[in-house]
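Take a look at the letters that make up each chain.
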Amino acid sequence: MARAEDPAPFPTGWPQARYRATRRAMKALRLADHLLRRGVAYTPDDATDELICVAAEQTGHLQPSRTTCSLVRAVLGLLLSPAVADSPIEGGASGRVIRVVVTIGDRPTA
């Protein structure tokens, strides 16, 4: 896979924490996608920090932090587990993911 492309710029006026959290979430989604497409990790337990770091290197991302690695495992857990009532995901593992709401502080990002 080619180097990670620069993402499109975000709207102006967001607080810095929201920019950082959104970029971290996007990176975690890309890494989780890479792990799933390559068939290396099928569960959050399969996705070790070392494996996630190798995936980041293969996709051209900078070395992920421990926080990003744990977010990758959380994304895998959300995508691969059946839908539950409190889940932020609408739909289930058997269908398409329609919407994921990430809350930063008291403000949802979506």
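### Thoughts on the pattern of salt bridges
Move 1: Tallying each qualifying case throughout the model produces two salt bridges.
Move 2: In this structure, the salt-bridge partner of Asp33 is Arg37, at a minimum N-O distance of 2.8 Å. Residue Asp33 and its partner Arg37 are located together in helix 1 (residues 16-38), separated by four residues, close to a single helical turn.
Move 3: Residue class for Asp33 comes out partly exposed when judged on its relative accessible area of 33%.
Move 4: By relative accessible area, Arg37 is classed as exposed at 63%.

### With respect to the side chain of Thr68
Move 1: Checked against the element boundaries, Thr68 lands in helix 3 (residues 66-80).
Move 2: Not counting chain neighbours up to four residues away, the residues in contact with Thr68 comprise Arg24, Lys27 and Ala28.

### Brief notes about the packing of aromatic side chains
Move 1: Under the defined criterion, the tally for this structure stands at one aromatic pair.
Move 2: Ring geometry for Trp14 against Tyr19: centres 5.5 Å apart, planes inclined by 40°, an arrangement best described as tilted.
Move 3: When the ring centre of Trp14 is taken as reference, the NZ or CZ atom of Arg18 above it lies at 4.1 Å.

The rules behind each value
Residues numbered from 1 in each chain as written. Predicted model: local features only at pLDDT ≥ 70, side-chain atom pairs only at ≥ 80, totals over all residues. Heavy atoms only, no water. Salt bridge = Lys/Arg side-chain N within 4 Å of Asp/Glu carboxyl O. Helix = DSSP H or I, 4+ residues; strand = E, 2+ residues; numbered from the N terminus. Buried < 20%, exposed > 50% of the residue type's maximum accessible area, 1.4 Å probe, protein only. Contact = heavy atoms within 4.5 Å. Phe/Tyr/Trp six-rings, centres within 6.5 Å; stacked < 30°, edge-to-face > 60°. Lys NZ or Arg CZ within 6 Å of the ring centre and 35° of its normal.

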